[in-house]
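Structural description and commentary
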Amino acid sequence: MATAAAVVFAATGGAQSIPRIPFEKYTLPNGLEVILHQDHTTPMIAVDTWYHVGSGDEKPGHTGFAHLFEHLMFMGSQHVPTGQFDQLLEGAGANNNGSTTEDRTNYYETMPSNALPLALYLDSDRMGFLLPALDSAKVDLQRDVVKNERRQRVDNVPYGKSDETILAALYPKGHPYSWPVIGSMADLSAATLADVKNFFRTYYAPNNATLVIAGDFNIDSAKALVKHYFGDIPRGPQIPSRPSPAPVVIPRDTFLVLQDRVQLPRVYYTWPSVKNFAHDDAALNVLASVLAEGKNSRLYKRLVYDMQIAQDVNAYQNGEHLAGYFQIIVTPRKGIAPARIDSLVREELVKLQKDGITARELARVQNSTRSDFLRSLATDLGKAELLNQYNYFVGDPDYVQRDAARYDAVTRADVQRVARMYLGKPKVVLTVVPDGMTALMVKGGGGSR
């Protein structure tokens with residue numbers, strides 16, 4: 001009896017509410033947005049700067065610039081010699097890093113509270129005084145680092161070229177998301193010092209950035225420090241407006257094959273879907289979790305656990321600023337033909353589109369999603385990232401509770417509807433096969449050739 005009661009509780013009850021993130025937001029005269037969130041739980045702070053530029057702001061022939069700058073920003077600035085950025089922060093007990101997406105580039109530090117002035121000084125110097133210290137030697141060095149990173153992550157790693165193959169087939173030529181974030185070797189090789197400096201002047205200005213400070217600090221002191229270090233950096237030029245591409249439509253199923261130095265084939269199904277935070281974005285995320293998140297998800301349980309014919313299964317809704325896509329990825333086990341996997345994946349999708357999902361499946365995903373929100377809220381950096389994300393994507397840092405409510409509001413009917421609406425449309429199907437084994441390619445009609 002006690003066990004039954006516990007099961008019911010886990011499935012339907014005890015929903016933990018998502019707390020708001022208190023904050024103060026203001027803008028300096030030079031356009032820099034500042035968001036402050038105090039949390040005195042531990043004497044730690046996260047400083048998280050988002051530049052509103054990603055690979056989607058690049059132009060054909062000049063790809064990879066946003067990611068290249070992620071590297072150059074750690075190479076020193078006018079008042080911080082090369083190597084000192086990391087050395088000074090590590091000496092204060094801080095960690096730092098950065099990342100680049102299609103839509104933004106971020107740089108962050110986490111550290112003991114007393115190191116806040118140091119972090120703001122270093123971040124302000126590379127925002128306002130990077131170009132005087134930027135020369136061909138630094139660009140060449142980081143260009144080679146990025147090209148080597150591309151070799152490690154794309155050109156010489158199993159399945160590494162799958163993403164750029166799919167993006168080129170999914171998006172029309174020239175679409176801002178039709179090339180990978182890391183860019184092409186040819187574009188990286190062709191980048192000149194003048195090209196790189198122009199990119200910085202255009203996008204790395206205070207009026208194209210948001211600085212979030214989260215953790216244990218005094219509001220008045222933090223404001224004074226921000227004004228002292230960032231207030232005199234001149235405003236940059238008007239930021240070029242981003243294109244507004246039309247919704248992506250694939251007229252018919254597109255089947256592709258890519259030969260690679262792999263031991264096992266892998267099948268990628270990709271459908272155009274919706275932008276981040278758009279209507280149906282949350283329902284599509286729930287659908288992905290029902291299909292492939294956890295050992296009890298439908299595709300994982302059937303293909304990996306019960307039948308033991310797949311090595312792994314993944315599914316996700318990738319919503320971005322301008323567009324989005326839904327993807328399922330399956331790696332068959334040795335000796336299992338991709339065509340057999342394809343037949344079972346299609347069977348599961350038809351079953352879900354016809355019969356929908358159970359109340360237990362929906363509760364499992366909603367509970368898991370709520371836990372993910374709470375985990376993000378448990379750290380200063382997690383809260384800083386959420387504030388930056390909501391500020392950029394929906395224009396309001398005060399959005400975490402509404403974001404969580406999107407998932408709580410998803411119904412079983414919503415999941416069935418989006419499965420029919422989006423996964424019933426034409427898609428891109430890529431089969432990555434071992435060299436010389438194109439006969440394993442999945443093609444229309446469920447067979448292989």
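Above this text is the structure in question.
This text gives an overview of the structure that appears in the document. The structure displayed is predicted, hence computed values, not measured ones.

1. Here's the deal with helix H8 (residues 193–203)
Given 3.6 residues to a turn, an α-helix orients residues that are three or four positions apart in the same direction. Listed as buried for H8 are Val 196, Phe 199, Phe 200 and Tyr 203. Axial view of H8: buried residues confined to an arc of 100°, hence all on one face. Looking at the buried side of H8, the elements it contacts are strand E3 (44–51), helix H2 (65–72), helix H4 (116–128) and helix H5 (136–155).

2. Points about the sheet that holds strand E2 (residues 33–38)
Strand order in this open sheet of 6 strands is E1-E2-E6-E3-E5-E4, and the pairing throughout is mixed. Unpaired on one side and paired on the other, strand E1 (24–27) and strand E4 (95–100) mark the two borders of the sheet. Geometrically, the sheet is characterised by an average inter-axis angle of 15° between neighbouring strands, direction not taken into account. As judged from the 8 bridges shared by E3 and strand E5 (residues 105–112), these two strands associate in the antiparallel manner.

3. Let's talk about unusual backbone geometry
The backbone phi angle of Phe 277 is positive, close to 70°, even though this residue is not glycine. Its location among the elements puts Phe 277 in the loop between strand E8 (266–272) and helix H10 (281–292). Exposure remark for Phe 277: the relative accessible area of 13% places this residue in the buried category.

4. Comments concerning the sheet that holds strand E9 (residues 310–319)
Taken in spatial order, the 5 strands of this open sheet run E7-E11-E8-E10-E9, and their pairing is mixed. Edge positions in the sheet fall to strand E7 (254–260) and E9, since each has one partner strand and no second. Mean inter-strand twist for the sheet, computed between neighbouring axes without regard to direction, equals 15°. Across the sheet, helix H11 (residues 298–306) lies against E9 and strand E10 (324–332), angled at about 160° from E9, the strand it touches most.

Rules behind the numbers
Within every chain, residues take consecutive numbers counted from 1 along the sequence as written. In view of the model being predicted, local features appear only for residues whose pLDDT reaches at least 70, and side-chain atom pairs are presented and counted only at 80 or more, with totals across whole chains, interfaces and linings using the full set of residues. With hydrogens and water stripped out, all remaining heavy atoms of the structure feed into the side-chain values. Exposure is judged per residue with a 1.4 Å probe applied to protein chains only, and the accessible area is read against the type maximum: over 50% gives exposed, under 20% gives buried, and values in between give partly exposed. Secondary structure elements follow DSSP: runs of H or I of four or more residues count as helices, runs of E of two or more count as strands, with numbering from the N terminus. Here, the arc refers to the directions that run from the helix axis to the C-beta atoms. Contacts are residue-level and defined by heavy atoms, with any inter-residue pair within 4.5 Å sufficient. In this scheme, strands are said to pair when DSSP sees at least two bridges between them. In this description, a line fitted to the C-alpha atoms serves as the axis of each element, helices being fitted only across the stretch in contact, and the angle between N-to-C directions of two axes falls anywhere from 0 to 180 degrees.

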